[in-house]
Structure formats: structure tokens, C-alpha cells
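Below are the chains, spelled out letter by letter.
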Amino acid sequence: MEKNTKICIIGGGPAGLSAGMYLEKKGYTDYTILEKSDHVGGKCYSPTYNGRRYEMGAIMGVPSYYAVHDVEEFCGITHDGPQLNRNYKNKEGRVIEPFNPKKNPLKIPHLLSMQKQVKKLAELLETKYKGYDVNGHRGVAQGRYDGFAVTPGREPVSGVNENLKDLALPFSEFCKKNGVEDIQDIWIGPYTSFGYGYFEDIPAAYVLKYLDFQTTMNFVKINLWTWKDGTQSIWEHLNDKLKNHARLNSDITQIERKDGKVYVTVNGTVEEYDKLIVTAPLQYFPEYADAREDEKEYFSKIDFERYDVLAFLTKPEDHPDISYYIFDNMQKDRYGHLMVYYRRWRDDVNQPITTYALRNALNVPEIPYDNCKATVLHDLEDMKNPASEVILERDWYYFPHIYSDDYASGWYDKVESMQGRYDTYYAGEVMSFGDMDETAEYSRELVERFF
């Protein structure tokens, strides 16, 4: 593609800003990033309270976040935030140690089984499911892998592996098929509590491409990254470093693609481009663009998680001593309940604590937002850490995905075959996974493939 190609990127989150960075690295300078909101970073959102930033979205990273590390190197920044730690409670608010055999003598057989199954899964992923961890989902439903490997070298890899078709199964079925059901007790912590749905609903591909074995072990060992000024600061630094900063408060009301050009109506003015990269939710693309029938058909299959985050204050005597996970509430029959509450700064009781809850699941009624909020506040009372004031709340459009039947029928290959067809390229969360590193990595791959 000619380096003077005029490119419009919709979305100023990790995917859109990373697309700008990788384009710039390849010599493209005529790109424009249009962001609807008044800030960059998307769900990497870190407001300020009492002179310090707290997290309303993404909290942490791990050493295998190679695309985020690309951004750090590009910007000259590093992960310099507070060290993380956590403990566990049951739904009654009692502190527990679920993985300590001395505290759970009756669970020793289960814990030993879980330990053996973790080793078994590690071997299966390296052998039977070779290629499971490449970025994106291209080819998986046909028993192929084709993408960039999740390794420091991150070289393109491809191959045939019929076993990869199993990744279309819900993760709980995938585990049962392979005799590793007990490992779900480990994977559920950094998966369901982080808003990515329930194992009986979500295809295994999503779970394992996000929580590949290396990443999961980093979570288990609490080998985690944070940023002093919040995850949003990563993307603020990137936006400042880019030659073309994201244009905030950009209200796109119409997109028309014709005669080899893309016409974008933004804030009432029509702008002309050669190519379009969409990193904003594809589910809503037909609402403002001249979506073709294939785009309408495929994008209508996308669902998302209703993931709610509250920031609250406590009285000093009610402030939690650490972050807590409530495993009881991560089960599907407890959706709508508090799953995690997060204390960011260890040295200050005058700081917001953030809570996280899912209020939807497959084949059950969605819980209204206000009902879920009331449940979470009640749960905090059970945890002996009641809220004295809620200072901020968000009901996120979270983790767009498709379900097993559509995954198995080749949804991703059909959408990938459309890349560039209407001078349009599709990126963002649904094309890889809904965390900041996977979306950024997919933007890297998109630029390498097509630009």
C-alpha cells in the first residue's frame, strides 16, 4: 500500500492507538484517529481521587503482555505502579484460603487432582493443541492456526491441527473432554471475575488465548504489572507520542464507502479517506455506516458482557485491608453478585475501592443495572466493608464475543475474508479478545498483513 494512503481509524482505545503506532512504524503518516469520548484509553480508565489515580476498568498486566511492552518502549515508560496482592472470602464474608491444604484438609484429594490436571493441561496445550495461543481466531474452526505466536519473538506461524476445532466448545466442555475439569478453579479467578463470562457459556478459544498457560501462571504467582498513573496513562502517553493525536469528542454520524473512497461525517463535516480501520464495537457499526448485508449478518451475531464497576468510599474503620476475591459469587447461579473488590494503594484508607459484578449470562434473564448495584452494596455489608458513598459507576460494554455454534461454523474466517473488501478493516476486541494486550497485538498483526 502506498505510504501516503489516507487512513481513518475509528476508536481511541488500545486497539486504535496501537494501530496508529504500528502504521507510523511502517512509514504511514496520513492517519487520523477519531475518538467519540473526551479521553483516550477506552476501558483503560483511571480517574483521579485525592491526587491519586484509581482504576475503573483494566487494572493490571503480566510480563507476557508483549504489545503493551511495545507501547512502553515506544513511549519511554514502564510499569511502575503499586504491587498487587489479594485474599479470598466466601459469600458470608469470612476470609478463606481455598488453595491451602492445611486449611482445607478435606479438600486435599481435590487439590492434588487439580495440581496434576494443571500439569496435564500444560502438556496438552503444547502438543494436542499446538497453535492454540496465536493471536486472533483465524482458521481455528477449520483446524488451522495462522497468526503471530505469543512469544518474545512473535514471529508469524501457521499449521494444520484438527484438534483446534475443540476450542469452539464451551470451556467447561473442553475441560471435561480432556479430563481437566478441576483446573477451572484456577482459571476462573482471572477470567470470570474480570468480566469475561462463565465457562459453560464461552468458547474455550477465548479463555485460552487470553489465559494461555504462561499468562495464567503469572496471575497465580502474582507476577503482575501495574502503572502508577493507571492503565489509562499507557494510552495517554502513546497518544502524546504519536505524530497524529486522537481527535476527541468526534461524533461520527455517517460513513459512506463508494468509488474507492471512504466518506466519514464527523461533527457535521464530511471527510474523505482511502481506507477505514474500525476498532470501535463492530456490533454498532451498522447504526452509523453503510453496512453491507454480510457485515449486518455477521456483526448481529456479536454479544457482550454487562460488567458493572462501582467506586466507593468507606469509613476508615470499614476499609478493607487488601483486595478480595469471592469465589462463591463467580458461579453462574450467583450472577449479579460482587465477585471482586479492589484496593489499589496499601498506604491510604482515604481512597476509592472498586467493585466488579456481571449481570448477564447465556439463557438467563439480564439483571437490571439498579438491582445489581443494590446487590453489590448489600454484599459489601456482608463482607464487613460497607460503602459510605459511591463516587463513580460504569456499566461497560464489555468483552464482545460470539457463542460456540457461530464460532464452530467459521464466523471468524468469514469476517477475516472481508478484510479490505469495502476499503475497510476490522479490528478491536471481538477480533481477538477483550483485554488491552490482545487487542493491541491484533492491531499489530492487521498492519503487518495488510499495510
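Quick note: structure is the one above.
On a predicted model such as this, the values are computed, not experimentally measured, just so you know. Sequence order as written defines residue numbering, which begins from 1 separately in each chain. Note on the predicted model: pLDDT of at least 70 is required for a residue's local features to be given, and 80 or more for side-chain atom pairs to be given and counted; whole-chain, interface and lining totals, by contrast, use all residues. For side-chain calculations, the full set of non-hydrogen atoms in the structure is used, while hydrogens and water are omitted.

**Student:** Can you walk me through the nonpolar core in this structure?
**Tutor:** Residues enter a nonpolar core if they are buried and are Ala, Val, Leu, Ile, Met, Phe, Trp, Tyr or Cys, with the set joined through side-chain atoms within 4.5 Å. Think of it in three bands: residues with accessible area under 20% of the maximum for their type are buried, residues over 50% are exposed, and the middle band is partly exposed, with areas taken using a 1.4 Å probe on protein chains only. Core analysis: the largest hydrophobic core is formed by 145 residues, its most contacted members being Phe171, Trp187, Tyr191, Trp235, Ile255 and Trp411. Contact definition: two residues touch when any of their heavy atoms are within 4.5 Å. Aside from chain neighbours lying at most four places away, what touches Trp411 is Tyr298, Phe299, Lys301, Ile302, Ile402, Asp406, Val430 and Met431.

**Student:** I would appreciate a short explanation of the pattern of salt bridges in the present structure.
**Tutor:** Whenever Lys or Arg places a side-chain nitrogen within 4 Å of a carboxyl oxygen from Asp or Glu, that contact is recorded as a salt bridge. The final tally for this structure, using the stated rule, is 30 salt bridges. Close ionic contact of Arg138 with Glu445 constitutes a salt bridge, the shortest N to O distance being 3.2 Å. On the criterion of sequence distance, the pair formed by Arg138 in the loop between helix H3 (108-126) and strand E7 (144-148) and Glu445 in helix H13 (residues 436-450) is long-range, its members being 307 residues apart. Here Arg138 matches Glu445 in class, with each residue buried. Between Lys261 and Glu272 there is a salt bridge whose closest N-O contact spans 3.8 Å. Taken together, the residues span a long stretch of sequence, with Lys261 in strand E10 (residues 261-266) and Glu272 in strand E11 (residues 269-273) at a distance of eleven residues. Connected through salt bridges with shared partners, the residues Asp303, Arg306, Asp308, Arg359, Glu366 and Asp395 form a single ionic network. Elements are defined by DSSP. Helices are runs of H or I of four residues or more, strands are runs of E of two residues or more, and each kind is numbered from the N terminus.

**Student:** Explain the sheet that holds strand E5 (residues 86-89) to me, please; I cannot follow it from the model alone.
**Tutor:** Strand pairing in a sheet is mediated by backbone hydrogen bonds. Such pairs are either parallel or antiparallel. Two strands are said to pair when DSSP picks up at least two bridges between them. Across the sheet, which stays open at both edges, the seven strands sit in the order E6-E5-E14-E15-E16-E13-E17 with mixed pairing between neighbours. Sheet topology places strand E6 (95-96) and strand E17 (389-401) at the edges, where each strand pairs with a single neighbour. In this structure, strand E13 (residues 303-313) lies alongside strand E16 (residues 353-358), joined through six bridges in antiparallel fashion. By the bridge assignment, Val309 is partnered in E16 with Tyr356. Its contacts with the sheet place helix H10 (residues 369-382) against E13, strand E15 (340-342), E16 and E17, and it is angled at close to 45° to E13. Convention adopted: a line fitted to C-alpha atoms gives each axis, helices being fitted over their contacting stretch, and angles between N-to-C directions are expressed from 0 to 180 degrees.

**Student:** Hey, could you run me through the packing of aromatic side chains in this one?
**Tutor:** Any two aromatic rings considered together are summarised by their centre-to-centre distance and by the angle between their planes. Aromatic rings from Phe, Tyr and Trp, taking only the six-membered ring of Trp, are treated as a pair when their centres fall within 6.5 Å; an angle between ring planes under 30 degrees marks them as stacked, one over 60 as edge-to-face, and anything in between as tilted. Inspection of the entire model under this criterion finds 40 aromatic pairs. Note on Phe194 and Phe219: the rings are 5.9 Å apart at their centroids and 70° apart in plane angle, and the pair reads as edge-to-face. In this pair, Phe194 is assigned in the loop between helix H5 (184-191) and helix H6 (204-210) and Phe219 in helix H7 (residues 213-220), connecting sequence segments 25 residues apart. For the residue pair Phe194 and Phe219, the accessibility class agrees, reading buried in each case. Whether a charge sits over a ring depends on NZ of Lys or CZ of Arg being within 6 Å of the ring centre and within 35 degrees of the ring normal. When the ring centre of Tyr273 is taken as reference, the NZ or CZ atom of Lys6 above it lies at 5.4 Å. Sitting over the face of the ring of Phe304, Arg306 holds its NZ or CZ atom 3.9 Å from the ring centroid.

**Student:** Would you mind going over the layout of surface pockets with me for this structure?
**Tutor:** Any space left empty among the atoms is revealed by the rolling of a water-sized probe across them. Roughly 660 Å³ of internal volume is contained in the second largest pocket. Lining of the second largest pocket is provided by 31 residues; of these, Arg86, Tyr88, Phe99, Ile186 and Val220 occupy positions nearest its centre. Contributing elements (two or more residues each) for the lining of the second largest pocket: E5, H3, H5, H7, strand E14 (323-326) and E15. Partitioning the lining of the second largest pocket into residue classes produces 23 nonpolar, five polar and three charged. Site definitions follow a grid-based scheme: protein atoms alone, a 1 Å grid, a 1.4 Å probe that fits but cannot get out for cavities, and for pockets an open set with protein on both sides within 12 Å along at least five of seven lines, plus lining residues having an atom within 4 Å of a point. Grid points are joined across faces, edges and corners, and a volume is the space filled by probe spheres set on the points. Each residue is assigned to one class: nonpolar for Ala, Val, Leu, Ile, Met, Phe, Trp, Tyr, Cys and Pro, charged for Asp, Glu, Lys and Arg, and polar for all the others, Gly among them.

**Student:** I'm lost on the pairing of strand E8 (residues 156-160) in this one. Help?
**Tutor:** Summarising burial for E8: zero of the five residues are buried, a small minority. The pairing of E7 with E8 spans five bridges and is classified as antiparallel. Paired with Arg144 across the strands is Val160, a residue of E8.

**Student:** Even after reading the chapter, I still don't get unusual backbone geometry, so can you show me in this structure?
**Tutor:** One non-glycine residue with positive phi stands out, namely Asp259, at about 55°. Considering the arrangement of structural elements, one finds Asp259 in the loop between strand E9 (252-258) and E10. On the basis of relative accessible area, Asp259 is assigned to the exposed category, the value being 75%. You will see that Asn267, though not glycine, has its phi angle at about 50°, which is positive. Structurally, Asn267 is set in the loop between E10 and E11.

**Student:** Quick question: what am I supposed to make of the sheet that holds strand E2 (residues 31-34) here?
**Tutor:** Pairing in this open sheet of four strands is parallel, and the strands run E2-E1-E12-E18 from one edge to the other. Each edge of the sheet is formed by a strand with only one pairing partner; in this case those strands are E2 and strand E18 (424-426). Averaged over all adjacent pairs, the angle separating strand axes in this sheet is 20°, with direction ignored. Two strands pair when backbone bridges link them, and strand E1 (residues 7-10) and strand E12 (residues 275-278) are joined in this way by four bridges, in the parallel orientation. Within E12, the position partnered with Cys8 by the bridge is Leu276.

**Student:** What exactly am I supposed to notice about the packing of helix H1 (residues 14-25) against H13 here?
**Tutor:** Between two packed helices, what matters for the description is the angle formed by their axes and the separation of those axes. Close contact between H1 and H13 brings their axes to 8 Å; oriented N to C, the two are set at 35°. For H1 against H13, the interelement crossing comes out right-handed. Contacts between H1 and H13 pair Pro14, Ala15, Ser18, Ala19, Tyr22 and Leu23 from the former with Met436, Thr439, Ala440, Ser443, Arg444 and Val447 from the latter. Taken together, the residues of the contact of H1 with H13 sort by class into eight nonpolar, three polar and one charged. Whether a crossing is left-handed or right-handed is set by the direction in which the near helix is turned from the far one by less than a right angle, anticlockwise for left-handed and clockwise for right-handed.

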